[in-house]
Structure formats: C-alpha cells, structure tokens
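Given next are the chains, with one letter for each unit.
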Amino acid sequence: MRVSLNWLRQLVPGLEGTAEELADRLAMTVTGVEEIVPVGRGLEDIRVARVLELREHPDADRLSLCLVDGGEDPVEVVCGAPVIHEGGLYPFIAPGSTLPGGLRIEERAIRGVTSHGMLCSERELALGSDASGILRLPDGLEPGTPLVQAFDLPDAALELEITPNRVDLACHVGVARELAAEAGLEVRVPPVEGADWEPTWRDGHEAASAGGVTVGIEDAARCGRYLGAVVRGVEVKPSPAWLQARLRAVGARPINNVVDATNYVLRELNQPLHAFDLARVRGGRIGVRAARAGERLRTLDGVERALEPAATVITDAEGPVAVAGVMGGEESEVTAGTTDVFLECAWFDPSHTRHTARSLELSTDASYRFERGVDRRGCEAALARCVRLILATAGGKAEADAVRVGELPGPRTVVPLRPERVQRLLGLVLDAGAIEGLLAPLGFERDETGGLAFRIPGWREGDIRREVDLIEEVARRHGYERFPTATRPTRPSTVPDDPSFARSDRVRRLLESRGLLEARSSSLVARSEADAERPVDLLHPISAEEGFLRGALVPVLLRRLEHNWARGTGDVRLYEIGTVFRRRAEDESGEVPVAEELRVGALLTGRRRPPHWSEEPAAVDVWDLKGLAEEVASGLCGATVEPLPLASGDEAPALGRFGAARWLGAERFELVGPAGRIGVAGGVRREAVDAPPWAEAVWALEFGLGAVELAAPTPYRPLSTFPAVPRDLALAVPASVRAAEVEAVIREAAPEWLEDVRLFDVYEGDGVEGGRRSLAFRFRFRARDRTLEDAEVESALKQIIRRLEERCDARVRSA
Amino acid sequence: MSEGGNPLLERLAAIEEEGVAALRDAADEEALETARVRYLGRSGAVADVLGRIGSLPADQRRPVGQKGNAVKRALEETHETRAAELRMRESARAAADRDLTRPGRTAWPGGSHPVTAVIDEICDIFRELGFTRVRGPEVETEWYNFTALNIPLDHPAADVHDTFYLEDGVVLRTHTSPVQARTMQTHQPPVRVVVPGVCYRRESIDASHAAVFDQIEGLAVDEGVDFVEFRSTIEHFVRRFFGAETRTRFRPDFFPFTEPSAQVEVSCTICGGSGCATCKGTGWIEIMGSGMVDPAVFEAVGYDPERYTGYAFGMGPGRMALLRHGIPDLRLLHEGDVRFLRQFAST
Ligand SMILES: [Zn+2]
C-alpha cells in the first residue's frame, strides 16, 4: 500500500521531516515501511509544451514533425509516436537537458530533419511503465510550465505494511492521522474548489429512490448500506494535472476524470466507490443480491466471468452489472461517451466480499478494503466528496436528492478503560488525563457518562472493541521504545521439561561421537516415503513430490544420500531425529486422524574411517552397523540387537511400522527392548536407492525415540585388586551353531569370577574339518576376594569345555 | 697422611676427572658403553681401587671407601645424563626419517545441524530464566491452530498462514503457537515454556522461504507479568544470543493472539547497523514476533484474564542460523549435504 508524501503533507499542514524520517516515525509507532520510492526525480528540465502543427516526415512513414511551443520560440521536433494530436499538451525536453536516467538530449538529425528536443513518454520520465506513446498532459496547462510544478513533484511514495487489523492505514487520511498525532498537528482535508454539494437523503431500509434511480438491497447480510447519487451532463475527459499527479504518485493509472475521482476518494478516505454510466443501467434500477447459478458478467478487466452464488452482485433491471465490492462490469463502465453517472458508495459485508472475491479469484483495491472493513459511518462524506470532485473536474449537475438504503449506523461503540489495568498489563502508571492525551489525537473521544471510557471512531470500529485493544493504542502512542527496563521476580514454571528433549540429547551425543552428522530433512515427501500402509496425504499439495507426510526416516535419509552421491560424496554418515506420520486406523481414537511418532534414523556408507596413507581403506560393513545398533540398543534403550530371520511370521507389519519393508536387505536385525521390538537395522537393498556404480554398501537403522531410557544413576561395581588370569580357547563348532549360543553356554557354565569373555577370531578352512568353523574366545578370570589359583582356573575351563561339547558339539582346537 | 697424600685417594680423584670427561664426551652409545665398562664396570677403574681397600691400614679405609662411592655416583650420573642425550638424539634422527609432516589418523567428524545448535542455544538461554521445553503435535486441529489463538478462520488474518489441510478441520500447524493453548489447558500458572518445532506453510520455496520450517515459541504467564518484564526478558535474550553490543528495538505489529503486539528487531549482525544487503539498508533485522498474550487466548484455555497476564514470542531458528553463519540460501539447510553439515560439526 503506497502513500504519497506530498499528499500527506497537504493533509497535515506543518508536517516536517524527510521521507526517511517520516518512514522511521511510522515504523516505530504505527506500521512498517517496506520501501521508500522516489517519484518524479530529475524532471526539473521538463516543460509543458503544445504541439502547434503536425506534419509527416518527408522520408519516414512512421515519424512525424511537430512544431512545438515549449514556452519560448516554437521549435521543430521529430517524433516517432503513433498518435500525436495537434493542439495537445506534452512533456518536452529541450536540447542540453537530461532525462531522469541521465540521458542527455542533444539536437540531432533524424532522417535528414533536425530535431530540436524531444517529446517524452511516461517511461522516459520514470512516471510510469507506459512506453507506447508520448504522455498526453491534461488541457489547461500553460506551455512552458515546469512539469514538476504542474505535477507537484518531486514526491516520494512510502510502501506501507498493512496488518489485517489496520485497514484504516490504507488511505492518506488514515496515515495522516497517525503522523499528525505524533507531531501534535491536525488533519485538514482541503475542500474541493468550486464545487459544493450536500444532498437531501432519501432513506429506506430495503429500498429508496432518488434522481431517477431506485436502489433495493435484497440481501441485507451482504450489504449493510448503499448510498447513491446521480450526476448528469458530465464531460468525461482526462483529469486535471494535480489529480493525475496524486494518482500516479501512488502507482494508480489515471483513466478519466470520473473514474479518477472515485480512485482519489478511495486513496484519500479509504471508501471504495463505483461510477456507472447511468444510460447503461437498465430500468433505472439498482439491486444488491447473491449471484444466481448460470449468471455471467464481463468485468472491467475484459474478462468474461461465470458468477457463483457465493458472490454478491449489483444488478440493474435485467441482470448483474457489477461484482459487489470487487469490480464493475465492462458494459456499464464510464467512457468518453458517458453523460450521466450513477455513483455508488456502499458498505459491503467483509465476509461476503471475501467469498465473492475468492469465488472469482480476484483481489482489487475495493475488495481488499471491504474484506478488512471500511468505515460504515464515512459513506456520506465520501460520496459527497466524490460528487464534488466530479462536478469540479467533469462539470455537469448533481441531483439534489440521493438514495440511502440500509441501516443507519447506531451510536458509536464505547469502550471502558481502567488505568489500573493499563498499569497491570503495561507496567506504566498513567492517569486518566494522560491516557486521554494519548488517545484523543487518534479520534478516540472520551465518554463522560461514567468511568474512563472512549467512543471509538468509525474507522477503527472493526479493530477496537475491547479494553485491551485500547491499551495497545496507549502502549503504541506512548512508544514501545520509551518503556523502562526492569527485571521482575519470577516463580518457577509448573510445566516439566518434556522428556523427549533429554532423550534426543542422549541419542545425539552418542551418534555424533560415532561420526554421524545430523540432517534436518523436509517432512513433506513423495508417496514412496510416506507410510506404506496408511499414508498421510495433503489436500492441496504444492507438488506430488511434496504431497505426503513422511512415514519413516530411513527412506528420507536415502534421498539425502542420493543427493550426496550425485555430488560425488561417497562417505556419508547421517542421522536425523524427527516426526513420522501415519493415518490412524478407523478404530483408533485421537484428536486428529493422524498418529505422530518421534523417530531416530541413521545411515552409514563409504569408508569406515577417513582415508589415511598408512592403511588400505575399508568400507563400512555389517559389523559396523551392528556395533552402532548395539551401542544404541544397550547403551540408550536397555535393549539387545537380534538377527531378524527373513521368514519371520510377523515381519510385514513390524517392518512396515519402521518403513523398513521398502529398504531392508537380507542382513537384518531387530532392536528388542523389554516391551518388544523398538527398531530395525540392516543393509539397504540395492534397488531401494539410486546408487552410482562406485557407491559402497549402505547400512541403516531406525528406532523410536520413546524407547530411549532417561539416564538413571549407574550403581558402582567394586574394582578387584587381585590379578586377572587370561586364557584363550579355540573351538571347532558345526557351522550351524551360532556364536551367541556358544557364548551363552560359556557364561552359563562359568564360575561367577569369569570377568569377561569375547569372541576374538573366526576361521574356516585348512585345519578345521569340513562343516565346522573355528571360534576363538578370550577369557579373563578374576575373583574379587582372592588371587585365583591356576588349578581352579583350569578346572573351570574344563567344566566350560565339557558343557560346550555336550551342548554345541564343540571340539577344542587348542587351549 | 694428609700431607703426603693417600695414593688411593689421589687415584680416585684422577679417575673421577678422566671418567666424567670420557662419559660426557662419548660420541655415541658404543663409546659411552666402552667408557662405562672402563670406569664403572665390574673390573673397571673404580672397582679396582675399592678392591684394594683391604690392603690399607684400618684408619685409612673409611675415607677411601667414602670417596670411592662418591666418585662412583658422580660417574653414574654422568653416564645417565649422557645416555639420555644420546637416546634423544637417536629418536630425533629416527623421527626425522619418519617425516612427521604427514597427516595424522582421524575419525569421521560428527555433529549437530546448525539449526539444532541455534535451537539448543535459544533453549539454554531461556532455561536459565526458568523456562522449560515442551512439544506439540505437527498435525493440528483448526481449533488449536487458529480459533484458540483468536484467529478467525474467515478473516484476512488467517490468510497470511497459507495453510496445508489434511481434511476439513485438520491442518499442518502453521506456527508453534498452538502449543501455547495446549500447555495452558493442562497446566496452571506460573507457566514459562519454550517450544521448538517444525511448522508448515503453503509457500513457494525459494532462498528465504520454505514450506517446512522451524520455529521456536516462548510463553510466560503468571500474575504480574507486564510489558516491562517482557521487554526486559527479550533484551536479555538478544544480548546473550547475538552479543552484548547488539541493540534491540520494538515496533508495533499485529498478531491476533497478542495485544499489544510487537516486532522485535536487532541491530544488523552483518553491518552493525550502518546498512547492508542483509538488512536491506535499514541497519535492523526482524527476529521475532511477540507481545502480551491476548485475553481471548486466556479465555479459550480457561485462564482468568483479569488475574493472569503474560507474554509470548516466536522466532525462526532457520533464519537465525543463516544470519549466524552467513548461509545465503535456506534450502541448503535441508539438503543433508555432508559437505555442508561437516562445516558445522563439532565433535
Ligand atoms: Zn546490515
């Protein structure tokens, strides 16, 4: 939303400050200023000129020769514009002067004829984007007048942020009010010179007639008020320079004096108006109602639109002539041939206007304001001002009577304000007088009937309804930057820290210490990364690739892996902690039909360690993955890692839960906690990921963050001060016997002073008979209370070996 | 005998002088060993003298024995010193052969995402001030996402949220603010919480916008919480997070769930306030939407708005990470590119 600085200065006599200073003042007390746009800089050399004579160029069809009066002796100018009118006024730049872009104009010959200067287009003057022709200036200007004087230049436009509650700032008077209040000045709307019109209102609840037009509101919910006036005998032509200048400064294109008058009032007072060519209003009847199925209307922008019943329309005796509060119809628009005008000034319901605009996928200056709520008390003044502007710029005569249909606004809302509440909320001690001093300049009038209370001006009625709304105005007017700084005693929160944070902190510490990097992937994914069984899809996704919520983390991390591979990175170790989603089953209860779970996913591929010159690089293998899974399981979750057989009966649902059916290869594990499976780990199937030929095997794991235990104090175990007795034992066991079974048997058969036993070598081949493999274990025996005798260690080992022979068909290879 | 001198004592003095010199000046381990055997060996010079003590008169034995032991100690010390010198020289030579300029052996670096680091730091600062961390669901009801927060659905105020719907009444939360309502429904004041979380908006994705983004919310509610406390707390946070020299300013803004509402800006961390591309020449950067909790929110969750007051704020850790590290494009945060993540790895 743009406001012109010159316009604001005109509305607030005495207002001082540069554009930057005023922008800063607005930003700190009212609303943000996104941009300061210079308007009409560098036009000091441009003058108004009249084309006295127009001739064809002797050697070029497309060029014409103009004899131009720029206030001095007439000169000849060569011009390439398609349309130039003899007698018309145009901006002229004489040789030796420069255009805003810095281009210096010199006398030069064009096709053999010397051009003594140039007539300029809107774009050449940086006054607009139109480069198609020379800018036609309004009649009535004196040749030789500097353009900056005729157009009140230079100016600056401030691009304001308008928050949804402050639509009153979408006009110059609204912004002027704030600046005036800050500066201790007043807003003065200058009267329209040479025009005076105060109508006699013809009122009606549902319908009324005046000046030959009958207005009826069929649906009062859609339109609260409808005022209309008739001006007859207008001469439609370009607006005077001052009016054009105002509109141009705020980025609006001047059209003709009647339409420009409505646009001027829109930007001055915030009231959208619409001018109809009365001759095109069939039957002299105006109605407001919902559109009917099948109705169509060609709007001002030339688009033929199908109307939906959600839309509110303005009708004449035969059908829709405008989309209410959004855009007029092309058929009834004011054109050069218009003589009689019907001027609409209405208050359309915000919600209905919103639905109307949405149904047509249109947003206009008018709908923007009606949606946010315009001042329903301001209609009379706005209509009168617009009629006077039309009379002043287009002539004609206004009918003395004007229609006014709908409810008259009742008395203004009164909102009480307790000074003690101000203190409680803001921490400022302000008495009634001080509060009034802050609020009155913005139009809040003190109500004297009871305690401290204020009457809300019409332009703030939508926003200010409660005491707290007024307190915000007090804080704002006081200035946020003027509040003191002070610490207050605080009481501790009753809300405990969510334990998921401690859980994820533990996971992060472990995984990061193992050389994994944290990824934060988008949770919007394609179908292939959503929950396999119960995917969660969006109603209106931006794209199919982002049409679902992720159902598991590993599939998402695999996409991240592909991204890395595509950039030539083969050593990838990533983890992520985040939410996964699945649609709830029909019989599953919940506030929303989607279940969320916090998960941890990780993947490893590439070399086990950063390459080093001293060794051959080895790739991450299943034992790296299993080791990491074991650290996660036993270290964080009190769980174990078990091989997951391919043929396990409950595989599908279990894997589905972790999204693993899509990627888990043959080497697979489950993480088993006290309450069952908490996660899965394993190799990633080749077809589950788009791998370049040089890629190493990929290993991944995923588990629920909820399974992570909160760290509990670890009980101390005494350290033995007696010597340890090491022993190695190599066993040849049938290939079908698992290492874990052997270890379990060892632990079962061993005395309590077996401190540690671990598999340290596995061997198959020469020296081991067929169908068997060698498993070598290293034992460490140590008692807490004595030095072990050799004999008792030997006896214990014998016992272990005997048990292994019985239970595992093990044969000792060496002892 | 002192006048005429004891020949053995004189002999010992000579051995000491010669032996110390021989050991000290030994050129290498071999020479050192030869010298050691000669002076300190089983049949070396010192042993030879001490072996002859028995032939001395009784009153002379003691001084010779004492002197002999002293000489032996002196020689041993010299030997040890020289041996250490020679060993050091030897290992230095070996080390020089090994070329210690070659790179060392390392492990893969692990580490947190820069956005996580920002979230952690924000949480830590507020936890020092008595705030706790809470979470809420990402799939929300319209009621929690909008209605409870005083955002009318049929109003331009809801438009700015560009909401993803899953079905009628069910949305992907557009901010972490619904957790305000959830927390207040389940806990009585004093409430002081921070809420990190992922949010969603139907925005087209570019360098500074993402459809999925992180937000961190804060809420403090109790009796006697006022605008002064709010401002002071936020200023404290800014100084802790951005540095003591960073300035804060509060500007009017609009959020349906706070009133008064404020936009918090900090002096530009890039240019220090003189104006640059990052701050669009203004010298200030918006970091936080905030304000005093609107009484309508208290009413929605069943708190007495006459008794309790509070403040709430929300900021974008993603944007703050970009600012902190000078990262030009938001999209880099979510690609999981190892080359990017490794830059911020700390372990
Ligand atoms: Zn800057």
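Residues numbered from 1 in each chain as written. Chains lettered and ligands numbered in written order. Predicted model: local features only at pLDDT ≥ 70, side-chain atom pairs only at ≥ 80, totals over all residues. Heavy atoms only, no water.

Asker: Give a detailed account of the pattern of salt bridges, specifying residues and quantitative values.
Answerer: Throughout the structure, instances matching the rule amount to 107 salt bridges over all chains. The salt bridge involving A:Glu331 is made with A:Arg280; its shortest N-O contact spans 3.2 Å. Pair noted here: A:Glu331 is in the loop between strand 21 (327–328) and strand 22 (341–348) and A:Arg280 is in the loop between strand 15 (273–277) and strand 16 (285–290), with a separation of 51 residues, a long-range link. Among the ionic pairs, B:Lys67 bridges to B:Glu16, the shortest N-O distance being 3.6 Å. (Salt bridge = Lys/Arg side-chain N within 4 Å of Asp/Glu carboxyl O. Helix = DSSP H or I, 4+ residues; strand = E, 2+ residues; numbered from the N terminus.)

Asker: How would you explain the environment of A:Arg784 if you had to name every residue and give the values?
Answerer: Residues and elements named next belong to chain A. Counting through the fold element by element, Arg-784 comes out in the loop between strand 40 (772–781) and helix 18 (790–808). Note: C-alpha distance between Arg-784 and Glu-752 (32 residues apart in sequence) is 9.8 Å. Setting aside chain neighbours within four positions, we find Arg-784 in contact with Ser-720 and Phe-722. (Contact = heavy atoms within 4.5 Å.)

Asker: Just give me the short version of the sheet that holds strand 36 (residues 676–684) of chain A, but keep the residues and values in it.
Answerer: Think of a sheet as strands paired side by side through backbone hydrogen bonds, with each pair either parallel or antiparallel. Residues and elements named next belong to chain A. The seven strands lie next to each other as 28-32-33-37-36-35-34, forming an open sheet whose pairing is mixed. Both outer strands of the open sheet, strand 28 (517–518) and strand 34 (640–643), are each paired with one neighbouring strand and no more. Bridge count between strand 32 (residues 572–583) and strand 33 (residues 594–605): twelve bridges; the pairing is antiparallel. Bridge pairing in strand 33 places Ile-577 opposite Val-600. (Pairing = 2+ DSSP bridges.)

Asker: Describe in detail the coordination of the zinc ion, supporting the description with residues and values.
Answerer: Residues and elements named next belong to chain B. For the zinc ion, the full set of protein donor atoms is Cys-268 (SG), Cys-271 (SG), Cys-276 (SG) and Cys-279 (SG), and the range of their distances to it is 2.2 to 2.3 Å. Taken together, the four donor atoms surrounding the zinc ion define angles of 104 to 114° at the centre, an arrangement classified as tetrahedral. Judged by its relative accessible area of 2%, Cys-268 falls in the buried class. (Donors = N, O, S within 2.8 Å, 3.2 Å for Na, K, Ca; no water. Tetrahedral: all angles 85-135°; square planar, octahedral: opposite > 155°, others 65-115°. Buried < 20%, exposed > 50% of the residue type's maximum accessible area, 1.4 Å probe, protein only.)

Asker: How would you summarise the interface of chain A and chain B if you had to cite specific residues and measurements?
Answerer: Contact residues are listed per partner, giving 100 residues for chain A and 99 residues for chain B. Interface of chain A and chain B: buried area, both sides summed, is about 8,500 Å²; carbon and sulfur atoms make up 52% of it. Among the residues chain A hides against chain B, the three largest losses belong to A:Tyr480, A:Leu517 and A:Arg520. Together they make up 9% of the total. Across the contact surface, chain A and chain B share 15 salt bridges. Across the pair B:Arg127 and A:Asp497 runs a salt bridge, and its minimum N-O distance is 3.5 Å. Taken together, the links from chain A to chain B amount to 60 residue pairs in polar contact (both at pLDDT 80 or more). Residue classes in the side of chain A that touches chain B are distributed as 38 nonpolar, 25 polar and 37 charged. (Buried area = accessible area lost by both parts, 1.4 Å probe. Polar contact = N/O pair within 3.5 Å; in protein donor to acceptor, adjacent residues only side chain to side chain. Nonpolar A, V, L, I, M, F, W, Y, C, P; charged D, E, K, R; others polar.)

Asker: Could you give an account of the nonpolar core, naming the residues involved and the relevant values?
Answerer: In terms of nonpolar packing, the biggest core is built from 91 residues, with A:Trp663 and B:Phe237 touching the most fellow members. A total of eight residues in this core trace back to one element, the largest contributor, which is helix 9 (residues 227–242) of chain B. With sequence-adjacent residues up to four places away left out, A:Trp663 is seen in contact with A:Val554, A:Pro555, A:Leu558, A:Phe658, A:Val680, A:Gly682, A:Gly683, A:Val684, A:Arg685, A:Ala688, A:Ala700 and A:Leu701. (Core = buried A, V, L, I, M, F, W, Y, C linked by side-chain atoms within 4.5 Å.)

Asker: Tell me about helix 2 (residues 29–40) of chain B, and please be specific about residues and values.
Answerer: Residue and element names in this part refer to chain B. Look at helix 2: 15 Å from first C-alpha to last across twelve residues, which is about the 16 Å you get at 1.5 Å a residue. Residues of helix 2 that are buried include every one of Leu-32, Ala-35, Tyr-39 and Leu-40, and no others. End-on, the buried residues of helix 2 take up no more than an arc of 90°, which puts them together on one face. Looking at helix 2, the residues exposed on the side facing more than 90 degrees away from the buried face are Glu-30, Thr-34 and Arg-38. Considering only its buried residues, helix 2 is in contact with helix 1 (7–24), helix 3 (45–51) and helix 4 (58–98). The opening residue of helix 2 is Asp-28, an N-cap whose side-chain oxygen sits 3.2 Å from the backbone nitrogen of Glu-30. (Expected span 1.5 Å × (residues − 1). Arc of directions from axis to C-beta.)

Asker: Can you tell me about the domain arrangement of chain B, naming the residues and giving the values?
Answerer: The domain boundaries assigned to chain B delineate domain 1 (7–94) and domain 2 (114–344). One C-alpha centre belongs to domain 1 of chain B, the other to domain 2 of chain B; they are set 81 Å apart. (Domains from an automatic or database assignment.)

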